[in-house]
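Here's the letter readout for the chains.
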Amino acid sequence: MEKIKTDVVVVGTGAAGLYHALHLPKELQICMITKDEVDRSDSFLAQGGMCMLRDEEDYDGYFEDTMRAGHYENNKESVDLMIRKSQEIIHDLIGFGVDFEKENGKLVYTREGAHSTARILYHEDLTGKEISTKLWNRVEERKNVTISEYTTMVDLVCKDNTCYGVIAKDKEGNLQEITADYVILASGGV
């Protein structure tokens, strides 16, 4: 089994994995793995937009819409954090080059899904592709990040309740043990 040592291993190269890689210090060596090609993630295929808290007056409605959409089974603290961080994350994405729809220089909001008001930012009908492509372009500029396509995580390397890395399989079926100080699982909804 091939053994690889890195500072951080990120499982998944969708929007969450790419976003995390861009927020890690540049002095860390980052190994990202993805089971397919980078541009085949669900993030690249997402059509809808992203919710953003428009202002404090929007908070209660946004919170209620999100809880109702989750049949009130959502973790309230997580919903609060998601809503409160939404403006910061959107501004980060814009800083990475994401081009949300604008009119006269101002962001355009639409209404989707379970939302009672327009608070969705979008890019045509290709929001996921726009976000993922721009994040991917920024990651490609980083010399400290390597990406292994067609590499699937098959197990975690753990001892005494601590994760030390992952076991991965490449497209030829060869196993790799990737040890790391930090493991980020950004592989989609489980």
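Everything below is about the structure shown above.
As the structure is a computational prediction, the values presented were derived from the model and not from experiment. (Residues numbered from 1 in each chain as written. Predicted model: local features only at pLDDT ≥ 70, side-chain atom pairs only at ≥ 80, totals over all residues. Heavy atoms only, no water.)

Undergrad: Break down the overall build of the protein for me, citing the residues and quoting the values.
TA: Helix and strand counts for the protein stand at five helices and ten strands. Counting over 190 residues, the protein shows a buried share of 35%. A total accessible area of about 11300 Å² is found for the protein, and carbon and sulfur atoms account for 48% of it. Averaging the positions of the 22 positive and the 35 negative side-chain charges in the protein gives two centres separated by 2 Å. (Helix = DSSP H or I, 4+ residues; strand = E, 2+ residues; numbered from the N terminus. Buried < 20%, exposed > 50% of the residue type's maximum accessible area, 1.4 Å probe, protein only. Areas by Shrake-Rupley, 256 points an atom, 1.4 Å probe, with all protein chains shown as cover. Lys, Arg positive; Asp, Glu negative; His and termini not counted. Charge placed at Lys NZ, Arg CZ, Asp CG, Glu CD.)

Undergrad: Before we move on, could you go through the pattern of salt bridges and cite the residues and values that matter?
TA: One pass over the structure, following the stated rule, counts eleven salt bridges. Among the salt bridges present, the one from D181 reaches K5, with a minimum N-O distance of 3.4 Å. Here the residue D181 occupies a position in strand β10 (residues 175-185), and K5 occupies one in strand β1 (residues 2-11), the gap between them amounting to 176 residues. Residue classification places K5 among the exposed residues on the basis of a relative accessible area of 55%. When the shortest N-O distance is used, the salt bridge between R84 and E56 registers 2.9 Å. Remark: E56 occurs in the loop between β3 (50-51) and α3 (59-69) and R84 occurs in helix α4 (residues 76-95); sequence separation between them is 28 residues. What emerges from the salt-bridge pattern is a single network uniting D58, E64, D65, R68 and R119. (Salt bridge = Lys/Arg side-chain N within 4 Å of Asp/Glu carboxyl O.)

Undergrad: If you had to explain the sheet that holds strand β2 (residues 30-33) to someone new, which residues and values would you point to?
TA: One open sheet accounts for six strands, arranged β7-β2-β1-β10-β9-β8; its pairing is mixed. Whereas interior strands pair on both sides, the edge strands pair on one side only; in this sheet they are β7 (145-148) and β8 (152-159). When strand polarity is set aside, the average angle formed by the axes of neighbouring strands in this sheet is 40°. Two elements, β8 and strand β9 (residues 162-169), share seven bridges in a ladder whose sense is antiparallel. Its bridge partner lying in β9, M153 is registered against A168. Relative to the sheet, helix α1 (residues 15-23) contacts β1, β2 and β10, its axis offset from that of β2 by approximately 175°. (Pairing = 2+ DSSP bridges. Axes fitted to C-alpha atoms, helices over the stretch in contact; angles between N-to-C directions. Contact = heavy atoms within 4.5 Å.)

Undergrad: If you had to explain the pairing of β1 to someone new, which residues and values would you point to?
TA: Pairing of β1 with β10 involves nine bridges; the strand directions are parallel. Within the sheet, the bridge partner assigned to E2 lies in β10 and is Q176. Sheet analysis places β1 next to β2, joined by four bridges and oriented parallel. Each bridged residue has a counterpart across the sheet, and for V9 the counterpart in β2 is C31.

Undergrad: Now, about the state of the cysteines: what can you tell me, with residues and values included?
TA: For the structure shown, the criterion picks out zero disulfides. The thiol of C158 is unpaired, and the distance to the nearest cysteine sulfur, on C163, comes to 4.2 Å. Classification of C163 by relative accessible area gives partly exposed; the value is 26%. (Disulfide = S-S within 2.5 Å.)

Undergrad: Lay out the packing of α3 against α4 with the relevant residues and their values.
TA: Look at α3 against α4: their axes get within 10 Å of each other, and the N-to-C directions meet at 130°. If you check the angle between α3 and α4, you find them oblique. Judged by the twist between their axes, the crossing of α3 over α4 is right-handed. Across the interface between the two elements, Y59, Y62, F63, T66 and M67 from α3 touch K76, V79, D80, M82, I83, R84 and S86 from α4. (Parallel < 35°, antiparallel > 145°, perpendicular 65-115°, else oblique. Left-handed = near helix turned anticlockwise from the far one by under 90°.)

Undergrad: Tell me about α4, and please be specific about residues and values.
TA: When the terminal C-alpha atoms of α4 are compared, their 29 Å separation across 20 residues agrees well with the 28 Å that a helix rising 1.5 Å per residue should span. Maximum bend of α4: about 45°, positioned at S86. On its buried face, α4 is in contact with α1, β3, α3, β6 (120-121) and α5 (127-140). Where α4 begins, one side-chain oxygen reaches toward the backbone nitrogen of E77, 3.0 Å away; that side chain belongs to N75. (Expected span 1.5 Å × (residues − 1). Bend = angle between axes of the 7 residues up to and from the residue. Polar contact = N/O pair within 3.5 Å; in protein donor to acceptor, adjacent residues only side chain to side chain.)

Undergrad: Mind laying out the packing of α1 against α5, listing which residues take part and the relevant values?
TA: With their axes 9 Å apart at the nearest point, α1 and α5 run at an angle of 35° to one another. In this structure, α1 meets α5 at a crossing whose hand is left-handed. Contact with α1, carried on its side by A15, L18, Y19, A21 and L22, involves I131, S132, L135, W136, R138 and V139 of α5 and no other residues of that element. Here the residues of the contact of α1 with α5 sort into nine nonpolar, one polar and one charged. (Nonpolar A, V, L, I, M, F, W, Y, C, P; charged D, E, K, R; others polar.)

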